Amino acid sequence: MTRLLLGVTLERICKAVLLLCLLHFVIIMILYFDVYAQHLDFFSRFNARNASRAHPFSNSSRPNGTVPSYGPAGAEAPSPSAKPSANQSATEKPLQPCQETPPGLVGRLLIEFSSPMSMERVQQENPDVRQGGKYTPPDCLPRQKVAILIPFRHREHHLKYWLHYLHPILRRQKVAYGIYIINQFGEDTFNRAKLLNVGFLEALKDDEEYDCFIFSDVDLIPMDDRNLYRCYEQPRHFAVGMDKFGFRLPYAGYFGGVSGLSKSQFLKINGFPNEYWGWGGEDDDIFNRISLNGMKVSRPDIRIGRYRMIKHERDKHNEPNPQRFTKIQNTKMTMKRDGISSLQYRLVEVSRQPMYTNITVEIGRPPPRLARG
């Protein structure tokens, strides 16, 4: 009986020892993989730290900061035909087309205008933007080349904020773009649509490869970088919901704020009207031109096409146009003779600044109104 109890006890001890050994093995394996994971994490952090040191202006903690892709400010993007340097592989793979949905998008953005803004800060934040406000993605082939045109006069304060927000957004969207400020010379009545016609021609003079044109007011900032600044099969209206309209489309035919047309779409409607002097009406005329030429306006989802407007008083010499309602009703009769085909202006100056190209033009003045009675 004693021998039987002793045998049972020894069996239990052996099983306990075996169980302890198995448990020890499991613990050792867990510790091993944990140390291995920490080892990999250390090197990933080390590489990230080196990358941030190499690009002192990058800031991954805020959506507006993106890591520069190459070189110092003003450096040209490497040409696909350029010969590889000593530390580059001679068999480097060719660039692939940029993805339809860029992987680095942030989504909803916090847009505020209370922080002081300077052009020096904008330059520091965007060291890979070339002289004249141009940029080309270095890691993929963009599907379009986009000219962004802004009608302008006396809005330097707004321009700083616009550049501060839009340059990083456009880079994350993998857009090959150039930014053109179309500045109206003198103090005569403002003409937004005519300035945009000028911008279309002058941008093509600067680079004939532009095939997409975005027309944007300088006081409108997109609140979501998924609102992709590119051209589509139909003319595009980007500013679907502005804060001043309660983030709603004010009416079905609204085409104001920010819009985009391909080169062929723009020419098909004969560009924009030249005879809308002062505020209002030209956007509705453009919408009519699009509809009368058998096209439809496309828009992003209302949750993505949101914009914040920089509050300001109405500009001098940009008072509401009293003739706008009559002109809108006559678009069908006027669009073939009034547009890019009839545009006349005088080029005053072209100045390539670090973050944009400034084009100053004289576009004339409105015709005198006939006296009533």
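Residues numbered from 1 in each chain as written. Predicted model: local features only at pLDDT ≥ 70, side-chain atom pairs only at ≥ 80, totals over all residues. Heavy atoms only, no water.

Student: Can you help me understand unusual backbone geometry in this one?
Tutor: Here Lys174, not a glycine, exhibits a phi torsion of approximately 60 degrees, which is positive. If you trace the backbone, Lys174 turns up in the loop between helix H3 (156-172) and strand S3 (176-184). Take Lys174: its relative accessible area is 22%, and that puts it in the partly exposed class. At Phe247, a residue that is not glycine, the phi angle is positive and equals roughly 60 degrees. Along the chain, Phe247 turns up in the loop between strand S7 (241-242) and strand S8 (258-262). (Helix = DSSP H or I, 4+ residues; strand = E, 2+ residues; numbered from the N terminus. Buried < 20%, exposed > 50% of the residue type's maximum accessible area, 1.4 Å probe, protein only.)

Student: Which parts of the structure should I look at to understand the confidence of the model for the chain?
Tutor: The predicted coordinates of low-pLDDT regions are not to be read in fine detail. Residue-level pLDDT values for the chain average 83, and 75% of them are 70 or greater. Note that residues 34-63 has pLDDT below 50 and, in this model, 13 contacts with residues that lie over four places away or in other chains. (pLDDT = per-residue confidence, 0-100. Contact = heavy atoms within 4.5 Å.)

Student: Got a minute to help me understand the pairing of S8 in this structure?
Tutor: Every regular strand shows the same layout, with side chains that alternate between the two sheet faces. Across the 5 residues of S8, 5 count as buried, placing the element largely inside the fold. For strand S4 (residues 212-216) and S8, the ladder comprises 5 bridges, and the chain directions are antiparallel. Its bridge partner being in S8, Cys212 is matched across the sheet by Ser262. Bridge count for strand S6 (residues 236-237) against S8 is 2 bridges, and the pairing is antiparallel. Bridge assignment links Arg236 to a residue of S8, and that residue is Gly260. (Pairing = 2+ DSSP bridges.)

Student: Help me understand the sheet that holds S7 in this model?
Tutor: Strand pairing in a sheet takes place through backbone hydrogen bonds and is either antiparallel or parallel in direction. In space, the 3 strands of this open sheet follow the order S5-S9-S7, with mixed pairing throughout. Of all strands in the sheet, those bounded by a partner on one side alone are strand S5 (220-222) and S7. Here S5 runs beside strand S9 (residues 306-309); their pairing, made up of 3 bridges, is antiparallel. Within S9, the position partnered with Leu220 by the bridge is Met309.

Student: It is not clear to me how the state of the cysteines should be interpreted in this structure. Could you clarify?
Tutor: A covalent bond between the sulfur atoms of two cysteines is what we call a disulfide. Enumeration over the complete set of coordinates arrives at 2 disulfides. Across the disulfide from Cys98 sits Cys140; the S-S distance is 2.0 Å. Measuring handedness by torsion sign, the sulfur bridge of Cys98 and Cys140 sits at about 85 degrees and is right-handed. With Cys98 in the loop between helix H1 (2-54) and helix H2 (119-125) and Cys140 in the loop between strand S1 (134-135) and strand S2 (145-152), this pair connects stretches of sequence that are 42 residues apart. (Disulfide = S-S within 2.5 Å.)

Student: What is the right way to look at the packing of aromatic side chains in this model?
Tutor: The geometry of an aromatic ring pair is captured by two quantities: the separation of the ring centres and the angle between the planes. According to the stated counting rule, one finds 13 aromatic pairs in the structure shown. When the centroid spacing of 5.6 Å and the interplanar angle of 75 degrees are considered together, the rings of Tyr251 and Tyr254 count as edge-to-face. Looking at Tyr251, the relative accessible area reads 39%, which means it is partly exposed. Of the residues examined, Tyr254 reaches a relative accessible area of 10% and is grouped as buried. Grouped by ring-pair contacts, the aromatic residues Tyr180, Phe200, Tyr210, Phe213, Phe215, Phe266 and Phe272 constitute a single cluster. (Phe/Tyr/Trp six-rings, centres within 6.5 Å; stacked < 30°, edge-to-face > 60°.)

Student: Please clarify how a nonpolar patch on the surface should be interpreted in this entry.
Tutor: Together, Leu10, Ile13 and Val17 make up an exposed nonpolar region whose accessible area comes to about 260 Å². Inspection of the secondary structure puts Leu10 in helix H1. (Patch = residues over 30% accessible without salt bridge, like charges linked within 9 Å, V, L, I, M, F, W, Y side chains within 5 Å. Areas by Shrake-Rupley, 256 points an atom, 1.4 Å probe, with all protein chains shown as cover. Salt bridge = Lys/Arg side-chain N within 4 Å of Asp/Glu carboxyl O.)

Student: Whenever I open this one, the side chain of Gln265 confuses me. Can you help?
Tutor: Tracing the sequence through the fold places Gln265 in helix H5 (residues 263-268). For Gln265, a relative accessible area of 6% translates into the label buried. Ignoring any residue separated from it by four or fewer positions in sequence, one finds Gln265 in contact with Tyr232, Glu233, Gln234, Pro235, Gly260 and Met295.

Student: Teacher, can you tell me more about helix H4 (residues 192-206) here?
Tutor: Side chains of residues three or four places apart in an α-helix project in the same direction, reflecting 3.6 residues per turn. An ideal rise of 1.5 Å per residue puts 21 Å on 15 residues; H4 measures up with 21 Å between its terminal C-alpha atoms. In terms of burial, H4 is a largely internal element, 12 of the 15 residues being buried. What H4 keeps buried is the set Arg192, Ala193, Lys194, Leu195, Leu196, Asn197, Val198, Gly199, Phe200, Glu202, Ala203 and Leu204. Looking at where H4 begins, the residue whose side-chain oxygen comes 3.0 Å from the main-chain nitrogen of Lys194 is Asn191. (Expected span 1.5 Å × (residues − 1). Polar contact = N/O pair within 3.5 Å; in protein donor to acceptor, adjacent residues only side chain to side chain.)

Student: What should I look at first to understand H3 in this one?
Tutor: Helix length check: H3 (17 residues) gives 25 Å between terminal C-alpha atoms against 24 Å at 1.5 Å per residue, within 8%. Of all the bends found along H3, the most pronounced is centred on Leu166 and spans about 25 degrees, while Pro168, a proline, follows it within four residues. Counting buried positions along H3 gives 14 out of 17 residues, so the element sits mostly inside the fold. (Bend = angle between axes of the 7 residues up to and from the residue.)

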